[in-house]
Amino acid sequence: DRTFGEQWSAVTARTDAHGVARFRGMIATASHLISASAPGYAETTLAAHDFQFAERTWHAELLLPRSAMISGRVLDADGRGLAGATVGWELHGQPRPADTPDLFNPFPFHGHMQAVQTDADGRFAMSVEPGAGCVLAAHPTHQLGEQCAVTAAIGTECSGVDIVLRDGGQVSGQVVWSDGTPAAGATVIATKRGWIHQPIQSESYRFEAHTQDDGRFAFRGLKRGELDLTAFTDAAS
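All of the points below concern the structure found in this document. (Residues numbered from 1 in each chain as written. Predicted model: local features only at pLDDT ≥ 70, side-chain atom pairs only at ≥ 80, totals over all residues. Heavy atoms only, no water.)

1. Describing the environment of Arg73
As for its position among the elements, Arg73 is in strand 3 (residues 68-75). On the accessibility criterion, Arg73 (18% relative accessible area) is buried. Spatially, the C-alpha atoms of Arg73 and Gly160 are 7.3 Å apart, while their sequence positions differ by 87 residues. With residues near it in sequence (within four places) discarded, Arg73 still touches Arg80, Gly81, Asp121, Gly122, Arg123, Phe124, Val161, Asp162 and Ile163. Engagement of the side chain of Arg73 in a polar contact is seen with the backbone oxygen of Asp121, the distance being 2.9 Å. (Helix = DSSP H or I, 4+ residues; strand = E, 2+ residues; numbered from the N terminus. Buried < 20%, exposed > 50% of the residue type's maximum accessible area, 1.4 Å probe, protein only. Contact = heavy atoms within 4.5 Å. Polar contact = N/O pair within 3.5 Å; in protein donor to acceptor, adjacent residues only side chain to side chain.)

2. Some thoughts on the state of the cysteines
The full count for this structure, using the stated rule, is one disulfide. Residue pairing for Cys134: its cysteine sulfur links by disulfide to Cys148, the two sulfurs lying 2.0 Å apart. Disulfide Cys134-Cys148: the torsion about the S-S bond is 110°, which places it as right-handed. Here Cys134, found in strand 7 (residues 131-138), pairs with Cys148, found in strand 8 (residues 145-152); they are 14 residues apart in sequence, far enough to count as distant. Across the pair, Cys148 and Cys134 agree in class, each one buried. Unpaired in this structure, Cys158 has its nearest cysteine sulfur neighbour in Cys134, at a distance of 12 Å. (Disulfide = S-S within 2.5 Å.)

3. Let's talk about a nonpolar patch on the surface
Together, Val11, Phe23 and Met26 line one region of the surface with nonpolar side chains, adding up to about 280 Å² of accessible area. Mapping Phe23 onto the fold places it in the segment before strand 1 (32-38). (Patch = residues over 30% accessible without salt bridge, like charges linked within 9 Å, V, L, I, M, F, W, Y side chains within 5 Å. Areas by Shrake-Rupley, 256 points an atom, 1.4 Å probe, with all protein chains shown as cover. Salt bridge = Lys/Arg side-chain N within 4 Å of Asp/Glu carboxyl O.)

4. Some remarks on the packing of aromatic side chains
Counted by the stated rule, this structure contains five aromatic pairs. Aromatic pair Phe104 and Tyr205: ring centres 5.5 Å apart, planes at 40°, arrangement tilted. Of the two residues, Phe104 is situated in the loop between strand 4 (86-91) and strand 5 (115-117) and Tyr205 in the loop between strand 11 (187-191) and strand 12 (208-210); the sequence distance between them amounts to 101 residues. Judged by its relative accessible area of 22%, Phe104 is partly exposed. By way of ring pairs, the aromatic residues Phe104, Trp195 and Tyr205 are connected into one cluster. (Phe/Tyr/Trp six-rings, centres within 6.5 Å; stacked < 30°, edge-to-face > 60°.)

So this is what it looks like as structure tokens:
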């Protein structure tokens, strides 16, 4: 977060022969998220809270369930593969209502966990918790897409899951200072009408742009509907 420091910084480690990973230098008076993954197993996340531990050394145990495999492609309206799309699994998920705004990131922890990125041809493969649910896909210049009623089973691969992302609309404009001169380097986000913006929520927004020297900005891939635009800099709001 721009105000309080990097919100999603991460430290990684490999487990040893006994399945133990060690982290040093962690803040002892704050909560931490611990995430573990391994081939053939679904990723598991645990919240470790500082009030649970009285010692300087914390011990946490994560149980990795056997996983299923889902693979497929993310495509544009013309059938071309979309590189750099984020794909996630929503176990027990249901189709999103048509009037659901797509201004916010649909993935837990803003796509840093339990999600994968498509390759240059729009292909993806991910290990997921078995069951029925929805495969969700997001791309910075397209509308959200999903494929529901997908069933993933342990020991098999559910392949050929294709998700088509529609182009959506475009919004452009200019940010100016109070004297009317262009505001270069300002951050602009697209948000829900009437939503009270907090800087700590910045990672939750799908559409973010930075103004050019002339103060201009543009978004692509927005779903039709009403929205608000919020602009701010490190020194102005």
